[in-house]
Amino acid sequence: MRWMFGTAVVGAAFLVTASCYTSGGSSGAAVTYYKDVVPILQKNCVTCHVQGGIAPFAFDSYDTAHANSDNMVADTQGHIMPPWGALDTDECHPRLPWKGDMRLSQADLDTIKAWHDQGDVAGNAADAPAPITTTPLTDLPNAQEMVAASYTLKSSSADAFECFVLDPQFTSTSYITGTNIKPGNKTVVHHALVFSVPGDTVLPDPVQYPCFGGPGAPGTVAPQLVAVWAPGAPPYQYPPDVGHPVDPGTKFVMQIHYHPHTLATPEPDVTKFQIQATTTKPSWTVATGLIGNFTDPPGTKAFGLENGPFVIPPDSPNTQFTMEATSPVNASIFVLAVASHMHLVGVDEKITLTRANPTVYNPQSDCLLQTPQWNFNWQRAYEYDAPILSLPTLSKGDKIEMRCTYNNTFSNPLLAQSLTEAGKTQTSQVTLGEQTTDEMCLGAFWYVYPTQN
């Protein structure tokens, strides 16, 4: 993947608010479900743990919380839940806070543990805060929904890449303000990309066709990336007065990467794509950059793999590679959000921006993001919680580095699970590639710039 720019944004969400709740248990009083635990669940958990949500059960009653209290304590104490990968480390302290930061405070962690240690006491239901109405993160409110043609992944050991053509039927210039991809069968949908193409683009098929590496849409105007779904990514709504312009007649091509879950039976899938759109022109336009997966060393192209070749040996617990690219953008743009991306062997990614011309407000070195507990099953973008004019800037000559760390041993839980399910007892050499068993080292960047520019 080289520099890819488009007036679009990868699908992700920032809808869950963080908790600053302090438990009554801190003063020595008994900790109860209704008084102390429910406020934490409402602020940090029920957006996913709701009927129809992406979590396997809903935290909608004392009985549900009590039945899952062992896992609740283990997963929160282990920082597995809530699933939030953007963490501060000794080498990375982003200057700005994160929007919708899901991390529990130490007081929250202590409250949940104390409640469980004291016997999961229910307490008085009158002490509970007022119920909240939570929309499951599987849907985008007030959205136009387009349904892809059905597809069945046949029993096979090979991954499949299939493109589906969707028509939003835009008759005038519109501006996308939110996106959501809804996989019909998450057991086989590895990821999905949605591109916009001009209405007169001649596609291989008007409904559905096999594709690899992109939407396979040749023409004078390159396809623009509009949305992305990866495991754990909920719907995304852009900030106010920010949008992605779409011309009349534009069509969407949704490329889905299917990965076989079982070789026993065929796996059917019907994936849906939702958008929010308006005809009101926003002040700010969104663009997306996907950077990384380089194979050659940096040189005249101003991007490359710093310490190649990209080969992860079998049974290697700590292999690192650094991808770097120098910005070709002529004007300064604002970095709204950032995300890391690897596959199952990856365990840590750090993304750093080094500026050619630093200022008081934009220092020479900015650690934009580190995900030191990378989990392929929980991928999302991380948006800075700041006004647009206070966001980090990226200017011509600035260098972005993605340092990716891999653990190709059975001590890597996700890798071990995948290998075991495939009947393998040993690891093997891993290189860059599109297959789930290959690896990647990518950074995804959301940029905004004035619409008039």
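Keep in mind that this is a model prediction, so the values were computed, not measured.

Q: Mind showing me how you'd approach the nonpolar core here?
A: The nonpolar side chains of soluble globular proteins are, as a tendency, buried together. Within the largest apolar cluster, 88 residues are counted, with the highest numbers of intra-cluster contacts made by F252 and F273. The element contributing the most residues to this core is strand 18 (residues 333-341), with seven residues. In this structure, I40, F59, Y62 and V73 belong to the second largest nonpolar core, which totals 17 residues.

Q: What should I look at first to understand helix 5 (residues 413-421) in this one?
A: Given 3.6 residues per turn, any residue in an α-helix points the same way as the ones three and four places further on. Turning to helix 5, its buried residues are L414, L415, A416 and L419. Here the buried face of helix 5 lies against strand 23 (399-408). Immediately beyond the C-terminal end of helix 5, within one or two residues, lies G423, with a positive phi of roughly 75°.

Q: Could you clarify how one ought to interpret the sheet that holds strand 6 (residues 189-197) in this entry?
A: Backbone-to-backbone hydrogen bonds join strands into a sheet, with any given pair of strands oriented parallel or antiparallel. As summarised here, the arrangement of the five strands in space is 7-4-11-6-8, forming an open sheet in which the pairing is antiparallel. The sheet is open, and its two edges are formed by strand 7 (208-210) and strand 8 (224-229), each paired on a single side. Strand-to-strand twist in this sheet, taken as the mean axis angle between neighbours without regard to direction, amounts to 20°. In this sheet, strand 11 (residues 251-258) lies alongside strand 6 in antiparallel orientation, the contact comprising eight bridges. By the bridge assignment for strand 11, S196 is matched with F252.

Q: Would you mind going over the state of the cysteines with me for this structure?
A: Here is the idea: a disulfide is a covalent bond, and it sits between the sulfur atoms of two cysteines. For the structure shown, the criterion picks out three disulfides. A disulfide bridge connects C92 with C367, and the sulfur atoms are separated by 2.0 Å. Negative torsions about the S-S bond denote left-handed disulfides, and the value of about -100° found for C92 with C367 makes this one left-handed. Pair noted here: C92 is in the loop between helix 3 (69-77) and helix 4 (106-117) and C367 is in strand 20 (residues 365-371), with a separation of 275 residues, a long-range link. By relative accessible area, C92 is classed as buried at 0%. Note on C367: relative accessible area 13%, which makes it buried. Linked covalently through their sulfurs, C404 and C441 form a disulfide whose S-S length is 2.1 Å. An S-S torsion of about 85° defines the bridge between C404 and C441 as right-handed. One end of the pair, C404, is in strand 23; the other, C441, is in the loop between strand 24 (430-431) and strand 25 (442-450), and 37 residues separate them in sequence.

Q: Is there a simple way to explain the environment of T47 in this structure?
A: Turning to its location among the elements, T47 is positioned in the loop between helix 1 (33-44) and helix 2 (62-67). Along the backbone, T47 and T133 are 86 residues apart, and their C-alpha atoms lie at a distance of 9.5 Å.

Rules used throughout
- Residues numbered from 1 in each chain as written.
- Predicted model: local features only at pLDDT ≥ 70, side-chain atom pairs only at ≥ 80, totals over all residues.
- Heavy atoms only, no water.
- Core = buried A, V, L, I, M, F, W, Y, C linked by side-chain atoms within 4.5 Å.
- Buried < 20%, exposed > 50% of the residue type's maximum accessible area, 1.4 Å probe, protein only.
- Helix = DSSP H or I, 4+ residues; strand = E, 2+ residues; numbered from the N terminus.
- Contact = heavy atoms within 4.5 Å.
- Pairing = 2+ DSSP bridges.
- Axes fitted to C-alpha atoms, helices over the stretch in contact; angles between N-to-C directions.
- Disulfide = S-S within 2.5 Å.

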